[in-house]
Every structure is written in structure tokens, then in C-alpha cells.
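# Structural overview
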There are 4 protein chains.
Amino acid sequence: MVVVMAPGVDEAQVEEVSTRLRLMGLQVHRTDSRGRITLGAVGDLGALDVDDVRHLPGVQDVVRISVPYKLASRAFRSESTLVRVKDTVIGGPHIAVMAGPCAVESEEQVEQTAVAVARAGATILRGGAFKPRTSPYTFQGLGEEGMKILRRVADRHGLAVVSEVMDTSHVAIAERWVDILQVGARNMQNFALLREVGKTRKPVLLKRGMSGTIEEWLMAAEYVLAGGNHQVMLCERGIRTFETAMRNTLDLSCVPLLHQLTHLPVVVDPSHAVGVRDKVPPMALAAVAAGADALLIEVHPHPEKALSDGAQSLDPVMFEDLMRRMQGVALAVDRTIGPSSAS
Amino acid sequence: MVVVMAPGVDEAQVEEVSTRLRLMGLQVHRTDSRGRITLGAVGDLGALDVDDVRHLPGVQDVVRISVPYKLASRAFRSESTLVRVKDTVIGGPHIAVMAGPCAVESEEQVEQTAVAVARAGATILRGGAFKPRTSPYTFQGLGEEGMKILRRVADRHGLAVVSEVMDTSHVAIAERWVDILQVGARNMQNFALLREVGKTRKPVLLKRGMSGTIEEWLMAAEYVLAGGNHQVMLCERGIRTFETAMRNTLDLSCVPLLHQLTHLPVVVDPSHAVGVRDKVPPMALAAVAAGADALLIEVHPHPEKALSDGAQSLDPVMFEDLMRRMQGVALAVDRTIGPSSAS
Amino acid sequence: MVVVMAPGVDEAQVEEVSTRLRLMGLQVHRTDSRGRITLGAVGDLGALDVDDVRHLPGVQDVVRISVPYKLASRAFRSESTLVRVKDTVIGGPHIAVMAGPCAVESEEQVEQTAVAVARAGATILRGGAFKPRTSPYTFQGLGEEGMKILRRVADRHGLAVVSEVMDTSHVAIAERWVDILQVGARNMQNFALLREVGKTRKPVLLKRGMSGTIEEWLMAAEYVLAGGNHQVMLCERGIRTFETAMRNTLDLSCVPLLHQLTHLPVVVDPSHAVGVRDKVPPMALAAVAAGADALLIEVHPHPEKALSDGAQSLDPVMFEDLMRRMQGVALAVDRTIGPSSAS
Amino acid sequence: MVVVMAPGVDEAQVEEVSTRLRLMGLQVHRTDSRGRITLGAVGDLGALDVDDVRHLPGVQDVVRISVPYKLASRAFRSESTLVRVKDTVIGGPHIAVMAGPCAVESEEQVEQTAVAVARAGATILRGGAFKPRTSPYTFQGLGEEGMKILRRVADRHGLAVVSEVMDTSHVAIAERWVDILQVGARNMQNFALLREVGKTRKPVLLKRGMSGTIEEWLMAAEYVLAGGNHQVMLCERGIRTFETAMRNTLDLSCVPLLHQLTHLPVVVDPSHAVGVRDKVPPMALAAVAAGADALLIEVHPHPEKALSDGAQSLDPVMFEDLMRRMQGVALAVDRTIGPSSAS
């Protein structure tokens, strides 16, 4: 339920309404936007009489939200959410690029990657420290040490850092070192983890589960939002279908659909979806054309030596070339991407 | 198996080799390209000794094709196939646009559509005369009469015509009236129909089945090619997955994958994939960015009155706007689209 | 719409009502069951006033059917349809078994199979004469000659014959030689073919498409029923999912679901679903436990030499053993199967 | 790699070989079965020379395991694993039944259910205390309090308890109160959680993820086994496919497939797969026929009042009737189920 306060309402009235809603057992999320205050009230609305709320002093209107996700819906918030990470804004006209290796292997590897991706116009460094691996016998990531490496390298190059948390116990560690907490596809419905990242105030990159429906995905985002963390990005990374010619099927049609259903920014990860290097650029270009707000791309200084997912990593030269070509497509859809925006 | 003839081989030697291959029970498909002759030999190669063929006079090399589709593979023919329909070439740098209503309803409706799509830069008119409908109780199309309407209208506007055949008995009728024979998604593995269109010399637009794998799709194309009809286009129109938020899941990653595996042009139909009007333009733009050779888009003069699939049809104004935006994306990926190419 | 006539209505009134319905542009399907006459009226009901029909003389009640399949629905006909083929009744308490080779290869092969399956208690001989093959270069079946072999062999052993038709042009041929016309999974939505078999009065075995939903499948059956052919059986043979460890995923839960939604008998084909011999028996037993009305099982006298799908064929010894074990499971769910029923 | 020790080898040699393997960086899992000792060695085998191991004193043979799951494979352990929980053995000829409500709501509700399911022959009480719910706004379970209720009630009726853990932080709590730790479908690849339950010595019921392949599922089991916890059961609960007529598609063919690939017991949960009460019994019967080692069935004393998943819960009368019918099917496949086994 969205309670729209009247223009010029005084603060005491807002407080009064908020308190009343809380006494009804509801969670209240306040938004101040363009001089207008709205209160999102979520929880069990079963017994509530909407008219009681509508007639409270200072209330202009009350709108019921018919979809099961409330805080995540466009009905709750019509303006697009802007996620801010250092100097990067995600969700506006400029398309952000997050790039880096699948797994952090060493400071040297991350340093080489960071130099290359920063030069080409990426502003966020990605890298896995806690790695979800299908087999218990393969490289499982450097853990906290990996996050420290990312932090040091990123700081040297003015980059922000995104890295994955796989368990509630990782969240406090990650909060110390990284700027964006990534929740991976396999954990899209790890509700304990979603609650935990919802308690932080770090932006969250929520990947779509391999068989996650759009609605389940938005409900997963709702867990984070309900914790009071409103900086959530949705990241499409390919879904599991009958087709096995590619690792996954990149569902680009979810981009315009999400833009209709939710105010949260939409990120596309073509690297995990296709799984092979030469198919990443066309899918990255297509993602830009489809309206993605950011891209997550794997780059490795020496893909052939990568400990994880080397086959899908671009080398620095390919990445730079791709950045250049994405600029053209971005312009054609009235967006910008990469260093051109710095001018 | 591809038999590469030596440069400057004389015609008698080519004939001699062809005859020998036929005597081994193989079908022979000859290609003359850039002054080089190759003979594709398909059939049961079990008993064949490749060296016997390699040593025939005039033969330079023999290459085995390891994938189950032979004539459709890049190994058989490294150059991209160009499909020619009237003045339109599909498979080269210019991206063709096929547009029109889902179903032919009347000459007036087709006329209005044709005027609009031709003005905006489409060169091929689409329209269903034989309609595959889920229910036996809904409008089943005008049949041959619908094809005649398409022909008359297209001729008035210098357009080519593409229309669907659903049964072997439709093929002779369609040959009379249309320029491109469409085989629909539900008939991708209707092998009798594939054989029948393979006997004609009309270009074929082969849609991917709702759960057709890339390999099955190429094998379906192989049925047409094996009949001697080499003008085949593959059309992605969305696959069936667990996700039902959209009608189907448009698998754009198949575009670069097909370009690697086959020399046949790749067409994308965003209208059937997404099923709702406002999602068609972003997916059309993404298809261009991903490398599609042509687009198939539903346009109806009055979508709200359409007898079939009105919800996914663009009106003429939306279509014209989309054509303009596709030009920008096409330029960014070194292609052209629409009327600009005429200049 | 189902028009229920009053008990003891006279024939003239029935004719009168039928005519009125036809004049409204509807198709009328009459059912006489347990002394009660019902008229199923299908077509465009948009303009119809149900009360006009309800007040016609002799009419007791009129029931609208809310699902898109009408004649196929339980609402149209609450009693289960019994399909009769020679001495076999499908849809009653006895479970029928259809067995034989994937493809007819020779009279000797079919003869050996027929002897074995008849002895073990099968009453219907299956065998492919027109074969849908993924590749144009593999064995495509013996065509009409294969059907003649099936007929001769079946007649020698008192068996009925089921065999596939792939194209409208096959139907007249098949009508001459076989007892049940099979429409394969790839043709579930070949609407021209469905109409053609709907014109015959031969029982139809309609396989579910690889990605056919339950509703699409029932709509496909509706095409046959709407042609006046009411002897339709639905055959589950595995659907296409992300899981590739088996050829297909056998969806046994469709059996009780179909029994709720439709009056048509449900057949299960475990052989095509699993694709490997040793998984066929447990799935056949599970199908019986789930409530299947008949089973379609591949049996080959020498599976290792089969021209098609040998890997999934049982040999006669395995088949006989399976028949014995199915009897136990059938008894546990109050059904019978195999020769025991003859006693 | 499996190191098979010679018959009658002395303990010192076994120790010597184990130590050598550990020095190579491998994990060693010892099995004593039928007087034969085998050592499973897992980890990075890249640099290892198998012949070095084969020639160690006391070693009879060394077998490489070609599948990625090692400890879970039949190659590692040919005998079926028996999981023991109180008086129940899972994996032998008797089929175990786990029954109870989706969510623990109150002691009274659990008590009523326990009385009913124990009387009908179930020996394990199921009930959710930590509940994975799609929405953050719905009932999330009673947590530890729910587990205490399960424990108290189960002890009064001589039942064992299975309940779900959703996060690493739940494991220590659950160890105190329940007999079997359930890892739910959404957490099949929550690797941190799998490692944590692998550290306990409580039997683990590992549900298949909604889009988990057989291989990924066995790799998830491998995480638990690699921790030294060998009491793992695999539970099929329906997979996500294009078909939405049922909540999920129950993949019963995985039962015989798993019995071939792994020595771990296979459990089937028909309730979550079908999602509607009246389809549970036929699928439970089919699961028994397909070879399931145990069943997990939702039972609620008053399904219409359940806080979670009431629509799929059987009431006590339906459950008792189902138990009786399952006995017949079990006998037909040479198994037993329910109280009959006590006689």
C-alpha cells in the first residue's frame, strides 16, 4: 500500500501517519522525491480498512499494490531508482560497466585487469573471492584475502568493487572490503542471505536464479528492500532451458519487462550466459540495445591461464574493442557508456 | 564430405568426379564461388574410402564434415549464403525487413499495411493466409484467396511476399503466389513438408520450433537443402521455457552461434517471441545489435481490430519510429537497414 | 456448450434442436449414453443467447464449457470414452498393451516380434512404416510396404495394428492397412494432419508434442473430435526439459490430471521417454500405478541390430518379464493387464 | 580414485597407504564392507601416478572414477548405502514413509498429525520450522521453537524427525532437535550450507533443485560426503519445466537412473511436485512402482486451515487409504511399506 501525502504536508503529520501504520503491524518505507513524500506500508494488510488511512490528516491518496512484490514495484515508486557507488550512478542515462576476472587469483592478476578495464572505461571492478563451485574439489576462491586484494587494487585505480557473498557469515566480511554485495544465481532464493544483505546499506547486485521467474526474482529483491536496503540491482545472467548449445539462454526480453514492472536498475551479464568468449560481444551489444542499465563482463589478462571460467573471459584488447562498439549502440538508443561520459 | 576441385580444373573432370560420387550412392551439390568449384557429397558415407576420392583427377582436397548437418554447415560452405528475393538480398551487409499483419483479413487491410511498411523501408510483405490456430473454432485464414490478395497488393508497391505453408498440399498453391515459403514453428520437424518445399526453387523461411534445438533446426534445414533448394533462411521466434511472463523467450544468442555453424542467413521475429507490442521495439533493436540479417515484424493498420495476434502488432507510426531507431543501431554494428540504403 | 435433452424426449424434438443450433452456425455432436441424449454445440458462441436454447422444447438444461477444448472436456462428457479396436477396449478397467519395433524392417522381424508380444499378452502390434527421422540421410521407413507387412503379420496372430501417419497424404494409405492412426509428437500441432485424421473413423493415438502443454494437447485432440472422429487416445511420451540425462522427461503426473480434465483414454510410452532399455520397465510399472489406460512399448527380436532406436527396445524375454510384473501392479490399483484378463 | 586393499591386509598397511595418499594432498574415505577395505581418495589427482599407488604393499587394485562425483558414485561404492534413523533403515527392501505438515504451526496440530501418521505406518515425522517462503510478508515458520515441538511430539510416538535447515546458522540448532537435516530445493547449491551439514553426523535429506541436473545434484551430495558425512539421501520433488498445469513436473525416471549412478537412497516427495491433494496418491503409487526407497508426504489434520501449502496436504483418512494402496504396489515390486513390515 502506498500512502501519498499531500503537497506541503508538515513533518508532524508524516510522523503521525507513520506511527499509525506501524501500530497496525506494518513496516513503513518513506520516500522523498520531487518535493513529494510517500509512505510505503507493507505487511499483512488483511484486516486493514483503506478508508481509515485515507482520512488521516495530511494524506492525499492511498493506492493498493496488486502484485505480490510491493517495494520493488513501479506502483510503489514510479521514478527509477538510481544506485550510487562512488562516482558511478546506475539507473540513469549513462550505462555503467563492471568488469574483471571470474575469480581473484593474485594481486598481480587483478592489477593487470584493473589497469586494462579502467583505461577502457569501466568504473567498477568485479572479481570472485568466495566462489560457488559445482565441485568441492576445485579452486574455491581466496575468501577474505581476495576481497582485500580487490580493495587495494581498486583504490589504486579509482574503481569501485563488486564481489559475491555466498553465506550469511560472509556479509560482515564483505561489508568491510567491497562496495557492492553480489548475491549469485544459486542463492537467489537463499532467504537468510537476502535478509542479511538487506540489513546492510551496501548496494546489492541480485542475480537471477537459473530457473527463477521474473516474479520470484522481484520477490527476492523484496526481501532485501523489506530490510530497508533500497539499493538493489537486478542482474540477468542467462536462464536454464532445453537448449544446451550455449551454457544458458540469455533472456534479454526481461530488460524491457523489468523496466515496466520495477523501478530497480537492470544489469546484464553476457559472459556467464553464453560461456564462450566470441559470443560475449554480440550479446553485450544486444543488451545495450535492449535497454540494460549496466553490464557485467568477465575480463582476464590471460584468459587461457584462468583458474575459473577462462573460456568466457575477454582479454584486454577484446574488451577495449567491445567498449568502443558499445558506445555506438548506446548513442543510437540515447544512452552513453564508457569514458565518453567523462568528457 | 566436401570435394574441393583444383583451381582451373576442366568441366569434364568435374563431371567425371560427380558421376563417380553418384555411383557410390551419394547426392552431389555443386557450388561455384570465387572461381573455385566444390562438390558437396551427402548420403551414407560408411563404406567410402576418402582416399579413393582424393586421388581422382582434378581433385585437390577432400574434407569430412563432422556435424550431422552437412549442406547447412560452414564446413561445407564457408561463404555466407545470400538469399535473393526481387531486389532484396538477405545475408549481406544490408538488413532486410519483412513486415505486415499476422493474418490476411481483407485487401483493404493489406493495402493499408503495405503502404505504411513500404514507406518506412520494408521490402517484403508478410501475411498469413493458411493460419495454424490452436483452436479449431477460431479464424483459420483466407487460404489461397489470402495469398492472391498479398500478391496483388505487393505488386502495386514493389514488395516481395512471404507467407506460410502448413501442409504439403499448400506448397503448389503458394508457389504460384508468394516469393518466400514460410515453414512455421509447429512444422519445423514436419519432414514431409520440408521435403516438399525442398523440391521447389522458392526461398524458404524456416522458423525454429518452440523446443527445437539448434542442431535439430539445422537438420530441418538440411532436409530442404538436400532437396536441392539452397535458399534457406533460419528464423528465431522465441523458444518455450519455464518463464511465462513473456509468451516465449527470444534466444538472441542463437544469432552469433548460427553465424558460426552455418552459412545460412538468420532472421529474427521479435513479435511472436514477446507477444506484446511495447516489448517489440527493444527486442528488434537488440536483434540488430546481435547480428540478425533480417527482421520479421508484425504491423497492422488497426491492431486493436486484428483477427489474430493484435496485441503484438505495431501500428504504422510505431513501425516507422522503430525503423528509424534501428538505423542507428545498424550503423553502430557496420550494417544498414531501411530506406537509407537506397541513397 | 452442452445441451442436455429431457429424459424421454422424442426424436423429432432432438432433430429440431439440432437444426436450430446448426442454423446458428454451430457444429452439433450428439451423444446417447445411459438413456440420455446430449448435444454438444461448438463454434463461435459469441452472439448466442443461452436462454433462447434453454427454452426450446425438449431441452432440460444448457451448460457452458469454460475451457477452450469443448468436445474433449469432462464437462462435455462425464463418462470415460472407450476406444474399441478389434477385441481390445481401451479406457476401461483392463489396461491394453501395444508393442512392437520402432521401425518395420522386414516381414521376418515383424513376425518374430508379433509371436513374442502376442504370447506375452499384448493385443496391438506397433511398428513405424513412415518414420520421422531427424536426418534426411538415415533410414526413412518402408512406407506403405511396411504397413502391408504389419497387416499380414497382425492378422496371422489376431493382433490389431497401430502405425504413424506423418502427412495428410499418408492418411488414405494408412486407413487401408492399419487399425489405429498414430499422430507423432512432432506433428501434435500439424493442424492439416489433425483435420485429415478427424475425417476418418479410425481410432487416433495422439502423442504429446515435446513441448506441448496439456491444454495445447487437448486442443489438438479437439481438432480430431471436431471432425466427428470421437475415438481419440492421448499418449504421453516424455517432454523436453533442461534435464538431458534421459532422452526426455516422462511426465506421469499428466495421467491423473488428464483423467480429471478429459474423458479420453491416456496411453503412456515409456520407451521413447527414457531412451534406454533398462529404464523402460520401472517407468512402465510406474505408468500402470499412475493410472495409464494403455502402454506403448518398443520390442525388437534383436535390439542390437535394430535400424532405429534399438537402444530403447526390450527383447522378448525382458518384455515377457515386464508383462508379468505389470500384472501385480495393475491388481494393486484395481486394474488388469495382459493375458490374465482372458481367464 | 578407489584403492581396493587386498583381502586380509593388515591394519598397519592400510594406515600406511592412507598416510601416503594424504601426503599427496588427497582426502581419504575408508569403507569396510563384507570383509573388504577400500580407500576412496579424492582431490586434485592431476599429478598423481596411479601405478605408484598400485604398487604400495597391501594394495590389490586402483580404480579411477570417470564421473565428477566420486564418493557419491556406484564406482566408488557398489553396495547401496543404508541410512539409519532410529529404528528405520532407508535404502533396503523396506520403503520408509516420512509424513507430516508443511509447516509446524502448534503442538496440537503436530500432535494430531503424528497420531495419524504413526498409526498408518509412517516412522518419520516431517515438519517445517525454518520455512523458505517466496514472500517476506508471509508466515516464516516457528524456528527453533518449531523444532522443539517436533522433538517432543515425535518422542511421544516413537517417531524420528526430519526438518529443514536454510542457513549455516541453523545447523547447530537443528542438530540438537532433529534426526534428519533437510536441505531444500532452493539451497541445493548453497555450498556453504552443504559443507556445514557435511560436518555433522546427522543423516541429510538433499532435495533436488528446481532446475538441478542429475549431475549437479550428485555433486551437491559430494559436498556433504566430502565432509565425512556419508548418510545422504536424495529427494526428487519435481522439476521446473514449461508445463504449468501442475506446480512442478515429477521426474520419476530419475529414480532408476540414480540407482544406477549412485549408492545413495532415493526419496520421492510427490506433494510438492503436484501441488494438489488428489494427484498425490497416484504419484505416490507410481514412485513406489518406480523403485523409490522412501516417500515424503504432506499430511495435515485440517488441510483447509493450514498456514502453508494446505492445498497439497492429505488429511489423515486419505493418508491411511494411500498407505494401504501403496502396500499392494510395494509387494508387486518385491518391497514392503508401512506397518505390514512390523509383522
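Note that the coordinates shown come from a computational prediction; the quantities given were computed from them, not determined experimentally. (Residues numbered from 1 in each chain as written. Chains lettered and ligands numbered in written order. Predicted model: local features only at pLDDT ≥ 70, side-chain atom pairs only at ≥ 80, totals over all residues.)

### Let's talk about the overall build of chain A
Within chain A one finds eleven helices and 15 strands. Taken over the C-alpha trace, chain A has a radius of gyration of 21 Å; the compact-globule value for 343 residues is 20 Å, and the two agree within 12%. Expressed as lengths along the three principal axes of its C-alpha atoms, the size of chain A is roughly 65 × 45 × 45 Å. Buried residues in chain A amount to 59% of all 343 residues. Expressed as a percentage of contacts within chain A between residues at least 6 apart in sequence, the contacts between residues at least 24 apart total 66%. (Helix = DSSP H or I, 4+ residues; strand = E, 2+ residues; numbered from the N terminus. Rg over C-alpha atoms; globule rule 2.2 N^0.38 Å. Buried ≥ 20, exposed ≤ 12 C-beta atoms within 10 Å, placed from the backbone. Contact = placed C-beta atoms within 7 Å.)

### Observations regarding the pairing of strand S7 (residues 94–100) of chain D
All names here are of chain D. Taken across its seven residues, S7 has seven buried, putting it largely inside the fold. Of the two faces of S7, both are covered, the one formed by His94, Ala96, Met98 and Gly100 as well as the one formed by Ile95, Val97 and Ala99. In terms of strand pairing, S7 meets strand S15 (residues 336–337) through two bridges, oriented parallel. Residue pairing across strands places His94 opposite Thr336, the latter belonging to S15. Relative to strand S14 (residues 294–298), S7 is paired through five bridges, and the arrangement is parallel. Pairing of Ala96 across the sheet is with Ala294, part of S14. Two strands pair when backbone bridges link them, and S7 and strand S8 (residues 124–126) are joined in this way by two bridges, in the parallel orientation. Of the residues in S8, the one forming a bridge with Ala99 is Leu125. For the segment spanning S7, helix H3 (residues 107–120) and S8, crossover handedness is right-handed. (Pairing = 2+ DSSP bridges. Right-handed = clockwise from strand over helix to strand, strands pointing away.)

### What about the packing of helix H3 (residues 107–120) of chain C against helix H4 (residues 144–157) of chain C?
All names here are of chain C. Two elements in contact, H3 and H4, have axes whose closest approach is 10 Å; the angle formed by their N-to-C orientations is 35°. For the element pair H3 and H4, the recorded crossing hand is right-handed. Residues Glu107, Val110, Glu111, Ala114, Val115 and Ala118 of H3 pack against Ile149, Leu150, Val153, Ala154 and His157 of H4. Class assignment for the residues of the contact of H3 with H4 results in eight nonpolar, one polar and two charged. (Axes fitted to C-alpha atoms, helices over the stretch in contact; angles between N-to-C directions. Left-handed = near helix turned anticlockwise from the far one by under 90°. Nonpolar A, V, L, I, M, F, W, Y, C, P; charged D, E, K, R; others polar.)

### As for the environment of Asp179 of chain B
Residue and element names in this part refer to chain B. On the secondary structure map, Asp179 appears in the loop between helix H5 (168–177) and strand S10 (180–183). A residue is classified by how many C-beta atoms lie within 10 Å of it, and Asp179, with 21 of them, is buried. Each C-alpha atom, one on Asp179 and one on Val117, is 17 Å from the other, the two residues being 62 residues apart in sequence. Not counting residues within four places of it along the chain, the set of residues in contact with Asp179 comprises Val85, Lys86, Ala160, Val161, Val162 and Lys202.

### Regarding the interface of chain D and chain C
Counting from both sides, the interface comprises 33 residues of chain D and, opposite them, 33 residues of chain C. Of all the elements in the fold, those that place two or more residues in the side of chain D that touches chain C are helix H8 (254–261), helix H9 (270–274), helix H10 (280–290) and helix H11 (316–332) of chain D. Tallying contributions element by element places H10 of chain D first for the side of chain D that touches chain C, with seven residues. Among the residues forming the side of chain D that touches chain C, the class breakdown is 22 nonpolar, seven polar and four charged.

### A short note on the relation of the copies chain D and chain C
Once chain D has been moved 0.0 Å along the axis and rotated by 180°, it coincides with chain C to within an RMSD of 0.0 Å. Such values leave the two copies arranged in the relation of a two-fold axis. Every residue of chain D has its C-alpha some distance from the rotation axis, and the shortest such distance is that of Ala286 of chain D, at 2.1 Å. Here 100% of the contact residues of chain D are again contact residues in chain C; the copies associate through an equivalent surface. (Least-squares fit on C-alpha atoms with pLDDT ≥ 70 in both.)

### Let's talk about the interface of chain B and chain D
By a widely used convention, the size of an interface equals the accessible area lost when the partners come together. With four residues of chain B at the interface, the matching set in chain D holds four residues. Grouping the amino acids of the side of chain B that touches chain D by side-chain chemistry returns one nonpolar, two polar and one charged.

### Overview of the relation of the copies chain B and chain D
Taken as rigid bodies, chain B and chain D are interconverted by a rotation of 180° and an axial shift of 0.0 Å, the fit giving an RMSD of 0.1 Å. Most of the interface of chain B is mirrored in chain D, where 100% of its interface residues again form contacts.

### Brief notes about the sheet that holds strand S3 (residues 36–42) of chain B
All names here are of chain B. If you walk across this open sheet you meet the four strands as S2-S3-S1-S4, and the pairing is antiparallel. The sheet is open, and its two borders are formed by strand S2 (27–33) and strand S4 (59–63), each paired with just one other strand. Each strand of the sheet is rotated relative to its neighbour by a mean of 20°, with strand direction disregarded.

### Details of the nonpolar core
If you look at the biggest cluster of nonpolar residues, it comprises 478 residues, and the most contacted ones within it are Val288 of chain A, Val288 of chain B, Val288 of chain C together with Val288 of chain D. Excluding anything up to four places from it in sequence, Val288 of chain D contacts Ala289 of chain C together with Ile95, Met326, Val329, Ala330, Val333 and Ile337 of chain D. (Core = buried A, V, L, I, M, F, W, Y, C linked by C-beta atoms within 7 Å.)

### Focus: the domain arrangement of chain A
Under the domain assignment, chain A is made up of domain 1 (2–63) and domain 2 (83–342). The C-alpha-based centres of domain 1 of chain A and domain 2 of chain A are spaced at 36 Å. (Domains from an automatic or database assignment.)

### Structural notes on helix H11 (residues 316–332) of chain C
Residues and elements named next belong to chain C. With 17 residues, H11 should cover 24 Å at 1.5 Å per step; its first-to-last C-alpha distance of 25 Å lies within 8% of that length. Pro316, Phe319, Leu322, Met323, Met326, Gln327, Val329, Ala330 and Ala332 are the residues of H11 that are buried. In the segment just after H11, Asp334 is the residue with positive phi, at about 60°. (Expected span 1.5 Å × (residues − 1).)

### Some details on unusual backbone geometry
In this structure, Arg34 of chain C is a non-glycine residue whose phi angle is positive, near 50°. Residue position: Arg34 of chain C is located in the loop between strand S2 (27–33) and strand S3 (36–42). The exposure class of Arg34 of chain C is exposed, given the 5 C-beta atoms found within 10 Å. Unlike most non-glycine residues, Asp334 of chain D shows phi in positive territory, near 60°. Looking at where Asp334 of chain D falls in the secondary structure, it is placed in the loop between H11 and S15. For Asp334 of chain D, a count of 9 C-beta atoms within 10 Å translates into the label exposed.

### Considering the packing of H11 of chain C against H11 of chain D
Close contact between H11 of chain C and H11 of chain D brings their axes to 8 Å; oriented N to C, the two are set at 170°. In terms of orientation, H11 of chain C and H11 of chain D fall into the roughly antiparallel class. For the pair formed by H11 of chain C and H11 of chain D, the contact residues are Arg325, Gly328, Val329 and Ala332 of chain C on the first element and Arg325, Gly328, Val329 and Ala332 of chain D on the second. Residues of the contact of H11 of chain C with H11 of chain D, tallied by class, amount to four nonpolar, two polar and two charged. (Parallel < 35°, antiparallel > 145°, perpendicular 65-115°, else oblique.)

### Concerning the environment of Val204 of chain D
Residues and elements named next belong to chain D. Residue placement: Val204 occurs in strand S11 (residues 204–207). The exposure class assigned to Val204 is buried, which follows from the 27 C-beta atoms found within 10 Å. Between the C-alpha atoms of Val204 and Val83, which are 121 residues apart in sequence, the distance is 9.3 Å. Look past the residues within four positions of Val204 in its chain and what remains in contact with it is Leu181, Val183, Val197, Val224, Asn229, Gln231, Val232 and Met233.

### Notes on the sheet that holds strand S4 (residues 59–63) of chain C
All names here are of chain C. The strand order across the open sheet built from four strands is S2-S3-S1-S4, with neighbouring strands paired in antiparallel fashion. The open sheet has two edge strands, S2 and S4, and neither has a second partner. For this sheet, the mean angle separating the axes of adjacent strands, direction not counted, is 20°. Where strand S1 (residues 2–5) meets S3, three bridges bridge the pair, whose relative direction is antiparallel. Bridge pairing in S3 links Val2 to Gly40. Against the sheet, helix H1 (residues 11–23) contacts S1, S2, S3 and S4, and its axis sits at roughly 10° relative to S3.

### Focus on the confidence of the model for chain A
Looking at chain A as a whole, its pLDDT mean stands at 94, while 99% of the residues score no less than 70. Scoring of the predicted complex yields 0.93 for pTM and 0.93 for ipTM. (pLDDT = per-residue confidence, 0-100.)

### Structural notes on the environment of Asp10 of chain B
Checked against the element boundaries, Asp10 of chain B lands in the loop between strand S1 (2–5) and helix H1 (11–23). For the pair Asp10 of chain B and Gly58 of chain B, spaced 48 residues apart in sequence, the C-alpha to C-alpha distance is 7.7 Å.

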